[in-house]
Amino acid sequence: MRSVSIIGVGLSKFGEQWDKSFRELVAEAGVKAIQDSGLEGREIQAVFGGTMASGKFIGQEHIGALIADQLGLNPLPSTRMEAACASGGVALRNAFTAVASGMYDVVAVGGVEKMTEVSTEAAADALGGAGDQETELFHGATFPALYALLARAHMEKFGTTEEMLASAAVKNHANAVHNPYAQFQRAITIEDVLNSAPVSSPLKLLDCSPITDGAAALLLCETSKAKKIAKQPVEIIASAQASDSLALTGRKSLTELNATKIAARQAFEMAKAKPEQVDFAEVHDCFTIAEILAIEDIGFFKKGEGGKATLAGETAIGGSRPINTSGGLKGKGHPVGATGIAQAIEAYWQLNEKAGKRQVKGAKLGLSHNVGGSGATAVVHVYRRV
Amino acid sequence: MVDGSLPLIWRNFSERYNLMGSKCKSCGKSFFPTRLICPNCRTKGKLVAEQMPFTGKIVSWTKVFVGPQGFDMETPYFLALIELDNGAMILSQLVDNDDGKVRTGARVEKVFRKLQDNDAEGAIAYGYKFRVTG
Ligand SMILES: [Zn+2]
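Residues numbered from 1 in each chain as written. Chains lettered and ligands numbered in written order. Predicted model: local features only at pLDDT ≥ 70, side-chain atom pairs only at ≥ 80, totals over all residues. Heavy atoms only, no water.

Asker: Help me understand the coordination of the zinc ion, please; the structure alone is not making it clear to me.
Answerer: For a metal bound by four donors in tetrahedral geometry, the ideal donor-metal-donor angle is 109.5 degrees, whereas six donors in octahedral geometry ideally sit at 90 or 180 degrees. Residues and elements named next belong to chain B. Only Cys24 (SG), Cys27 (SG), Cys38 (SG) and Cys41 (SG) from the protein reach the zinc ion as donors, at distances of 2.2 to 2.3 Å. Considering all four donor atoms around the zinc ion, angles at the metal cover 105 to 115 degrees and the coordination shape is tetrahedral. Going along the chain, you hit the donors of the zinc ion in the pattern C-x2-C-x10-C-x2-C. Overall, Cys27 belongs to the partly exposed group, its relative accessible area being 34%. (Donors = N, O, S within 2.8 Å, 3.2 Å for Na, K, Ca; no water. Tetrahedral: all angles 85-135°; square planar, octahedral: opposite > 155°, others 65-115°. Buried < 20%, exposed > 50% of the residue type's maximum accessible area, 1.4 Å probe, protein only.)

Asker: Whenever I open this one, empty space enclosed by the protein confuses me. Can you help?
Answerer: Think of a ball as big as a water molecule: rolled over the atoms, this probe shows where empty space is left. Applying the stated criterion across every chain yields a total of three cavities of 30 Å³ or more. Each pocket or cavity is described by its volume, and for the largest cavity that value is around 170 Å³. Along the wall of the largest cavity there are 21 residues; nearest its centre are A:Gly30, A:Ile67, A:Leu71, A:Gly110 and A:Ala217. Elements supplying a minimum of two residues to the lining of the largest cavity: α1 (22–37), β2 (46–50), β4 (106–114) and β7 (213–222) of chain A. Estimates place the volume of the second largest cavity at around 70 Å³. A:Glu134, A:Thr135, A:His139, B:Asn12, B:Glu15, B:Arg16, B:Phe32, B:Pro33 and B:Tyr128 are the residues that line the second largest cavity. Looking at the lining of the second largest cavity element by element, the count peaks at three residues for helix α1 (residues 6–18) of chain B. Considered class by class, the residues forming the lining of the second largest cavity number three nonpolar, three polar and three charged. (1 Å grid on protein atoms, 1.4 Å probe; cavity = no way out; pocket = protein on both sides within 12 Å on 5 of 7 lines; lining within 4 Å. Points joined across faces, edges and corners; volume = space filled by probe spheres on them. Helix = DSSP H or I, 4+ residues; strand = E, 2+ residues; numbered from the N terminus. Nonpolar A, V, L, I, M, F, W, Y, C, P; charged D, E, K, R; others polar.)

Asker: Which parts of the structure should I look at to understand the nonpolar core?
Answerer: As a rule of thumb, nonpolar side chains are buried together in soluble globular proteins. Residue and element names in this part refer to chain A. One finds Tyr147, Phe287 and Ile289 to be the most contacted residues of the largest nonpolar core, which totals 44 residues. Among the elements that line this core, the one with the most residues is helix α6 (residues 143–158), at 10 residues. Setting aside chain neighbours within four positions, we find Tyr147 in contact with Leu203, Cys286, Phe287, Ile289, Ala290, Val371, Gly373, Ser374 and Gly375. Of all hydrophobic cores here, the second largest spans 40 residues; its members include Leu92, Leu218, Phe280 and Ala338. (Core = buried A, V, L, I, M, F, W, Y, C linked by side-chain atoms within 4.5 Å. Contact = heavy atoms within 4.5 Å.)

Asker: Where do I start with the pattern of salt bridges in this structure?
Answerer: Oppositely charged side chains may form a pair once their charged atoms are brought near each other. All names here are of chain A. Taken as a whole and judged by the stated rule, the model has 23 salt bridges over all chains. A salt bridge links Glu28 to Lys20; the nearest nitrogen and oxygen atoms lie 3.1 Å apart. Of the residues examined, Lys20 reaches a relative accessible area of 25% and is grouped as partly exposed. A salt bridge links Glu291 to Lys171, with the nearest nitrogen and oxygen atoms 2.6 Å apart. With Glu291 in helix α11 (residues 288–297) and Lys171 in helix α7 (residues 162–176), this pair connects stretches of sequence that are 120 residues apart. Each member of the pair, Glu291 together with Lys171, is buried. Salt bridges sharing common partners tie together Lys20, Glu28 and Lys32. (Salt bridge = Lys/Arg side-chain N within 4 Å of Asp/Glu carboxyl O.)

Structure (structure tokens):
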């Protein structure tokens, strides 16, 4: 297997972008990534794109061909990947595999979602399809409801409190203040979270990531070639993915996401690294409880200790293990198909010392973790400076 | 939602009305809804139809304040993950709206109710909900 590196990245602003269409977002992120790499479009050999529910959000399918067309990359093979909120991570993994296998030297990979064209209820319905339609959504289980069931189980087993959950959102908003691409550039307090409107108890509005428009793209290149092209390529040293039951009723435990545990373990084996060596991580905080589960299941903190560690500031920039320096899904925004790619872009910036005021000093090893649904898909990537 | 599908209603009839599921004769585990392959034993498992018990206990619960389309009339409502008395897990709405009664560990039993106000399946959908008994 060949070594694979990121050589250029591009991100649109995340947020409610009523003046920009799906294809404008694709073009913005894609063109930025190609320009950032210093390559010409004709040097790209294949395209991979992640999007979750473009059919429900904008009535458009066949996104693979649309992306290639919008970026002037015809007649390259262009393939859409879908794994709910992990669509971007799965697209990244398949693009990585295509270069690692030797099939291609340079590929483009992106993610996009345009979520604000429909009502909040319709968006909730589209997202609910990431769970089990017949036994969950049909019975009134929204996405926040599924994570609320996980949150209550964690609270009752380990004594995790609503304040501990809230502290994850507070920390991610504090980081997002320093990210010009973030949807929310304002700090919030624990009281703000606790006093926000109930969504699905114990989760409140500010425990939930927002509805977001956005696109993210990057170029992958075989590493020896990347060293000749790019000033500071970032190597992807591990890529792992695991699956679990779509419905919560099929899970072995309600206080962990087994797909995350397995993908993380495989990623650390592949990277020949341990969780203690990771300098920063972007983890999937679609809800505050999701971040607590992630930092435990990846192995940064012992099971049951994630909430306490977060409240104690250990995951803040400057803490022992900075988590979601970009602002995470909560602060930066969560255009579901783009999220997995945006996480990789934050890793690229951190490892190139380009993260501005949210820079983790001396960062050498980074990790990203992208979840689909309530944990039915998990994707983990590990990155290092070349 | 899948619009106006009468075959879908007909297919789900035994599950939604009678809680029919599967039991694996190889590993002894029960599953709801019906499965064709045992997740533990894979193709070596021997799955047979099993009537689920109508009683169980709450494993986790939430009070939903913002529901999906078709549930606006009912909010807020309780949802619970329930372990049925044969060990199978099921997610269901609770008919009780009494904050004090819904708690982890509470005993519940199945009742028959209208599930949705909208016509997502081309007809009013009926099926299982649960109520707290103690
Ligand atoms: Zn079995």
